[in-house]
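# Structural characterization, general
What follows is each chain in one-letter form.
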Amino acid sequence: MRPELSNASDANLALAIARYREDALAEAYRRHAGSVFGLARRLLHEKAAAEEVVQEVFVRLWNAPDRFDPERGSLRSYLLAQAHGRAVDQMRSELSRRRREEREARKTAQSGYDLEHEVGDMIVADQVREVLGGLPDTERKPIELAYFRGHTYREVATILGEPEGTVKSRIRSGLKRMHGLLATSGLGLGGEQP
Amino acid sequence: MTHNELEELLGVYALDALDDDERQLVDEHLASCPRCRAELAAHREVAALLGNAVGESPAVAPDELWDRISASLLDEPPALSPLVRPRGRRSLALLVPLGAVAAALILVVGLLAAKVVNLDHQVTSLNQQASVAKILSNPSHQTVQLTSATTSWHATVVLLDGQGYLINPSMPALSRSQTFQLWALSRNKIVSLGVLSSNPSAVAIQLEPHMTVLMITAEPLGGTPVPTTPVLVRGNLPVGV
């Protein structure tokens, strides 16, 4: 690898990727693939499926680097958003939906399914957990069901027995509230992550 | 849908929790609304933090996965990714008689059938062939022949409203370490339109109005920022594509 890449900003990395520098893609992978893999694995459970998502996301970054706009957010959040979208697509496909439902049904039967507990387990970053946990239940639950379970907001409305309009405004207000809390807690929102 | 109604959907949009029909409405709105784009960016950052906070810490992707990704880049050079975005629609003169369109359509249908045996990128290919057929069936489409002054190599580009496809290439065989790359002359500068792979067929391309000439060269696998080898075939674009 040419030495300057390891110090390059993510935006410059993206430029180098657009110029067909594979070492720049390798550096982006080194920085962000762990995080992308972690999310995909959490959503899809299966390692092979998660790897496939990571591969798709990085190959897409190579093929269409201009889709990442540094002015709209960090490279990591772009890659995570891509991975989330792909993982959710897979979760919504019929087969995996059935598998997931069976798995969840088993869990419910065995241990009493507790979304709150499960989310507590899976969110490792203390601050984010704290902020998410600090949301009113009416906002937190729909966000969890949508983001971590891959449900559409209409499905979330059915699950929670709330009107669809209520669910979508609560998700929006919850995200806004989290943004405010995370920004004041000093988490570098909008900046690049190392 | 009103602006307020669309705005209400931004949170669920950021969490990929919209159905396709509504997602499309939001997509269209975002293209013209900087305020909503800014709000979405903030939601995306929060979503990313949520995404970043799950799994083991520190999360590590398997080593062999990078090797696989890297290898897939070599096996399959990037599909053509336009470096420019299309401008507004333009009206085009009718250049090709309808008989030729019908003949080209039959050719494309033949290509479609032949493509089915290509198991690798069946779906993509079929979609692309269908797009080619769609362009050819529109009487406003234009064709550009890319030719060589010294050899019989050639390729055809069919165009409609700045979008086009490279079809029917007859090009030299390349080594495994080479790929074709497409270039355009734009305001006296050569810009890359993307890497075509070693066997380009029905590759999608996107053009901008001030592009005047299309060229193809053979380059090292993965492509290069500027051409490093002589032009194999070239063709002039119609004015105002």
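Residues numbered from 1 in each chain as written. Chains lettered and ligands numbered in written order. Predicted model: local features only at pLDDT ≥ 70, side-chain atom pairs only at ≥ 80, totals over all residues.

## A few points about the overall build of chain B
- When helices and strands are tallied, chain B shows seven helices and eight strands.
- Across the 241 residues in chain B, those meeting the buried criterion constitute 35%.
- Intrachain contacts of chain B at a sequence separation of at least 6 include 61% that bridge at least 24 residues. (Helix = DSSP H or I, 4+ residues; strand = E, 2+ residues; numbered from the N terminus. Buried ≥ 20, exposed ≤ 12 C-beta atoms within 10 Å, placed from the backbone. Contact = placed C-beta atoms within 7 Å.)

## So, the interface of chain B and chain A
- Contacts between the two partners involve 48 residues from chain B, matched on the other side by 56 residues from chain A.
- Elements with a minimum of two residues in the side of chain B that touches chain A: helix H2 (10-14), helix H4 (34-52) and helix H5 (63-75) of chain B.
- At 12 residues, the largest contribution of residues to the side of chain B that touches chain A is made by H4(B).

## Focus: helix H3 (residues 47-63) of chain A
- Under the 1.5 Å per step criterion, the end-to-end length of H3(A) is 24 Å for 17 residues, consistent within 8% with the ideal 24 Å.
- Those residues of H3(A) that fall on the buried side of the exposure criterion are Ala50(A), Glu51(A), Val53(A), Val54(A), Val57(A), Phe58(A), Leu61(A) and Trp62(A). (Expected span 1.5 Å × (residues − 1).)

## Overview of the confidence of the model for chain B
All names here are of chain B.
- Per-residue pLDDT for chain B averages 76, and the proportion of residues at 70 or more is 74%.
- The least confident element of chain B is helix H6 (residues 98-115), whose mean pLDDT is 54; the most confident is H2, at 96.
- Segment residues 75-97: pLDDT under 50, and 48 contacts once partners within four positions in sequence are set aside and those in other chains are kept.
- Note on residues 113-122: pLDDT is under 50 here. Beyond four places in sequence and across chains, it has five contacts.
- In the predicted assembly, ipTM is 0.77 and pTM is 0.55. (pLDDT = per-residue confidence, 0-100.)

## Some thoughts on the packing of helix H2 (residues 22-44) of chain A against helix H4 (residues 75-92) of chain A
Residue and element names in this part refer to chain A.
- For the pair H2 and H4, the least separation of the axes is 9 Å and the interaxial angle reads 30°. By the angle class used here, H2 and H4 are roughly parallel. Along this stretch, H2 crosses H4, giving a crossing that reads as right-handed. Residues Ala 28, His 32, Ser 35, Val 36, Leu 39, Ala 40, Leu 43 and Leu 44 of H2 lie in contact with H4, whose contacting residues are Leu 75, Arg 76, Leu 79, Leu 80, Ala 83, His 84, Ala 87, Gln 90 and Met 91.
- Looking at the contact of H2 with H4, its residues break down into 12 nonpolar, four polar and one charged. (Axes fitted to C-alpha atoms, helices over the stretch in contact; angles between N-to-C directions. Parallel < 35°, antiparallel > 145°, perpendicular 65-115°, else oblique. Left-handed = near helix turned anticlockwise from the far one by under 90°. Nonpolar A, V, L, I, M, F, W, Y, C, P; charged D, E, K, R; others polar.)

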